[in-house]
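# Architecture at a glance
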Amino acid sequence: MASKEVKVARTGELRNGEMKQVKAGDTELLLVRQDGHFYALAAHCTHYGAPLAEGSLHGNKVVCPWHHACFDVSTGKHLNAPGCNDLPKFSVRLDGDDIYVQVPEPAPEHAVPPMSVADEGDGRVFVVLGGGAAGAYAVESMRAEGFQGRIVLVTAEDELPYDRPNCSKDFLQDNAPDEWMPLRDKAFYDRIDVELKLGSKATSVDVARKTVSLEGGEDIAYDSILICTGGKPRHLDIPGHDLKGVHYLRSLEDSRQLRDAGKSAKKVVIIGASFIGMECAFSLRELDCEVTVVTPDSLPFAKKFGEEIGKLITDTHKENGTTFKLETKPKEIKGENGKVTSVVLENGETLEADLVVGGIGVQPNTDMVKGLTLEKDGGIKTDVYAYAGRDVYAAGDIAYFPFPNGQSRIEHWQVACQMGRVAGQNMAGRRVPYKNVPFFWTAQHGLSLHYTGHADEFDEVVISGSVTDKEFLAFYIKENEVRAVMELGRTGDLAAIHHLMHERRMPEPSLIKKGVEWKQMVSSL
């Protein structure tokens, strides 16, 4: 491959511990100065292409500003989900104060980590039950760790592992084609010898016999299994719940069906102001549907994010045409000829509807698991290595994992990605503890909100910045500890916070309450 050496900067342009985006001809690079060395890497995150220079640098780790993927700047190695690939790293040469970078033509943007393939001499069988984020990251990490046995990925869906968060966003809005959605193509799984059983529903996981039974009668004996079957939507339990036109959103196929229905629907009722419910409200408004949200809450998201932010989100939806029916629940869904026509509320009001979306949460999809003690809600308790006992690992939405403030089950895409990766590494023979700081994002009518940490409840919310101006950090404090932080318009700051939370070096709440500027707080640590 041809390459060229290009001068990209002078040494005085970067202090130690700084990074910037530079250009080598038409190629954008991330230039980093750390511990007396200069590093040059591809400039954009391997997840959604965020400019890494706008993120946060901590030692040799750069945190992506958008969705908090993490990379080692000295090697380009991908350390923390999301994103799957490494960053290409380029040779740097100093000539006096001039910095030169050797850039191939064309310059690669991503680098797939080296992975092993199956070896007939290795008779072990690992089953990954579930084709979501956790399953996808698990099979890759098994091969990256050198596992050469048989890997079987079983999923009830007919899809390759895909970008599930997009199902309620661009894909539902008809702004993302089908080919955008898979995380990897079929050729990739063939190349690393992962046996895909798509459209294969597991009827039983017999932990005592170490077998998985599939619809159709096939049994797969395993040496070790990762259960990462995710959540299943809670269904409405009211008359009319089974009428045509009642939808739930969990899978890519659900999103296709809802998108197609939304294109012809006129009046939509969303039942539940959950993340899925509100993102569906946003996306269906983008399809020009008339949308009404029904919720028992007096203010959506107030319990989760506080009154100010709950009001910001709700008012933004209202400004974009969504109607809310607060402090009430649906009593009945009515229809004609088997199809939805209206929703009757407990307060006596009737809403016309030709489409109803249930967004009242999910529950662990673990009904098929036999011989393993489950939590009350069906979740599976694991240790810090994602191990649940008896050669069973669990990851993603079903897993209760050790957390600083107690065992937790967190339904976030990024959590599932990284927990699946850790589970796969440990199944392959490593002892890697899961120490991820949870992170999620939601997009609703131009509000791109990012949240790191975890706070089921909080004593107070301290706002740095202005919610009205849509530029703020919101600190969620419980028992004199910052448990979580949300941002709007402050992505770089939240990337830094994510890392400080990981190292348990967050500033004291007293500093935050005093209104000390965030950068000043960080510099004092």
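The notes below deal with the structure included here. From a predicted model like this one, the values you see are computed outputs, not experimental measurements.

A word on the overall build of the protein chain. Along the protein chain, the regular secondary structure elements total 10 helices and 37 strands. Its C-alpha atoms give the protein chain a radius of gyration of 24 Å, within 12% of the compact-globule value 24 Å for 525 residues. Projected onto its principal axes, the C-alpha coordinates of the protein chain cover approximately 80 × 60 × 45 Å. Within the protein chain, the proportion of its 525 residues that are buried is 56%. Put simply, of all contacts in the protein chain between residues at least 6 apart along the chain, 59% involve residues at least 24 apart. If the 60 positive side-chain charges of the protein chain are averaged to one point and the 77 negative ones to another, these points end up 3 Å apart.

The next thing to look at is the pattern of salt bridges. Following the criterion strictly, the structure yields 39 salt bridges and no others. Across the pair E13 and K20 runs a salt bridge, and its minimum N-O distance is 2.9 Å. Close ionic contact of D178 with R256 constitutes a salt bridge, the shortest N to O distance being 3.3 Å. Taken as a pair, D178 in the loop between β12 (150–154) and α2 (186–191) and R256 in helix α3 (residues 252–264) lie far apart in primary sequence, 78 residues in all. We classify D178 as partly exposed; its relative accessible area is 36%. For R256, a relative accessible area of 15% corresponds to the buried category. When salt bridges that share partners are traced, they join K7, R10, D97 and D98 into one network.

The next point concerns the sheet that holds strand β36 (residues 471–478). In spatial order, the strands read β33-β34-β37-β36-β35; together these five strands make up an open sheet with antiparallel pairing. Only two strands of the sheet have a single partner each, and these edge strands are β33 (439–444) and β35 (460–466). Direction aside, neighbouring strands of the sheet carry axes that sit 15 degrees apart on average.

On to the nonpolar core, then. Core analysis: the largest hydrophobic core is formed by 75 residues, its most contacted members being V127, V205, I225, L226, F475 and V485. At eight residues, the largest contribution of residues to this core is made by helix α7 (residues 413–427). Counting 41 residues, the second largest nonpolar core, distinct from the first, contains L252, A273, I313 and F324.

Below, the discussion takes up helix α1 (residues 133–144). In this model, α1 (12 residues) spans 17 Å end to end at C-alpha, consistent with the 16 Å of a helix rising 1.5 Å per residue. Of all 12 residues in α1, 11 are buried, a share of seventy percent or more. For α1, the set of buried residues is A133, A134, G135, A136, Y137, A138, V139, E140, S141, M142 and R143.

We now examine unusual backbone geometry. Here the residue pair A81 and P82 is connected by a cis peptide bond, since its omega of 5 degrees sits within 30 degrees of zero. In this structure, P106 follows E105 across a cis peptide bond, with omega equal to -5 degrees. Among the structural elements, P106 can be located in the loop between β10 (98–104) and β11 (125–129). The backbone of K210 shows a phi angle near 60 degrees, a positive value even though the residue is not glycine. Note that K210 resides in the loop between β14 (202–206) and β15 (211–214). Assessed through its relative accessible area of 24%, K210 is described here as partly exposed. At A386, a residue that is not glycine, the phi angle is positive and equals roughly 70 degrees. Within the secondary structure, A386 sits in the loop between β29 (380–381) and β30 (387–389).

With that settled, consider the packing of α1 against α7. Interhelical geometry of α1 versus α7 gives an angle of 30 degrees and a closest axis separation of 7 Å. In the packing of α1 onto α7, the handedness of the crossing is right-handed. Across the interface between the two elements, A133, A134, Y137, A138, S141 and M142 of α1 pack against W413, A416, C417, G420, R421, G424, Q425 and M427 of α7. The residue makeup of the contact of α1 with α7, split by class, is nine nonpolar, four polar and one charged.

So, on to the sheet that holds strand β2 (residues 18–24). In a beta sheet, neighbouring strands pair by backbone hydrogen bonds and run either parallel or antiparallel. One open sheet accounts for six strands, arranged β1-β10-β9-β4-β3-β2; its pairing is antiparallel. Across the chains shown, the open sheet's two edge strands, defined by having one partner strand only, are β1 (3–10) and β2. Each strand of the sheet is rotated relative to its neighbour by a mean of 30 degrees, with strand direction disregarded. Two elements, strand β3 (residues 27–34) and strand β4 (residues 37–42), share six bridges in a ladder whose sense is antiparallel. Within β4, the residue paired with L31 across the bridge is A40.

By the secondary structure assignment, D122 is in the loop between β10 and β11. Of note is the side chain of D122, whose polar atom sits 2.7 Å from the side chain of R124. Reaching out from D122, the side chain makes a polar contact with the backbone nitrogen of G149 at a distance of 3.3 Å. In contact with D122, other than residues within four places in its own chain, are F147, Q148 and G149.

We now examine the state of the cysteines. Tallying each qualifying case throughout the model produces zero disulfides. No disulfide involves C45; its nearest neighbouring cysteine sulfur is the one of C64, lying 3.8 Å away. Overall, the relative accessible area of 2% leaves C45 in the buried class. The thiol of C70 is not disulfide-bonded; the next cysteine sulfur, from C45, is found 10 Å away.

The next point concerns the layout of surface pockets. For the second largest pocket, the calculated volume is near 750 Å³. Lining the second largest pocket are 33 residues, and of these H78, L79, N80, Q418 and R421 lie nearest its centre. Only β6 (61–63), β8 (78–80), α1, α7 and α8 (491–502) provide two or more residues apiece to the lining of the second largest pocket.

Parameters at a glance
- Residues numbered from 1 in each chain as written.
- Predicted model: local features only at pLDDT ≥ 70, side-chain atom pairs only at ≥ 80, totals over all residues.
- Heavy atoms only, no water.
- Helix = DSSP H or I, 4+ residues; strand = E, 2+ residues; numbered from the N terminus.
- Rg over C-alpha atoms; globule rule 2.2 N^0.38 Å.
- Buried < 20%, exposed > 50% of the residue type's maximum accessible area, 1.4 Å probe, protein only.
- Contact = heavy atoms within 4.5 Å.
- Lys, Arg positive; Asp, Glu negative; His and termini not counted.
- Charge placed at Lys NZ, Arg CZ, Asp CG, Glu CD.
- Salt bridge = Lys/Arg side-chain N within 4 Å of Asp/Glu carboxyl O.
- Pairing = 2+ DSSP bridges.
- Axes fitted to C-alpha atoms, helices over the stretch in contact; angles between N-to-C directions.
- Core = buried A, V, L, I, M, F, W, Y, C linked by side-chain atoms within 4.5 Å.
- Expected span 1.5 Å × (residues − 1).
- Left-handed = near helix turned anticlockwise from the far one by under 90°.
- Nonpolar A, V, L, I, M, F, W, Y, C, P; charged D, E, K, R; others polar.
- Polar contact = N/O pair within 3.5 Å; in protein donor to acceptor, adjacent residues only side chain to side chain.
- Disulfide = S-S within 2.5 Å.
- 1 Å grid on protein atoms, 1.4 Å probe; cavity = no way out; pocket = protein on both sides within 12 Å on 5 of 7 lines; lining within 4 Å.
- Points joined across faces, edges and corners; volume = space filled by probe spheres on them.

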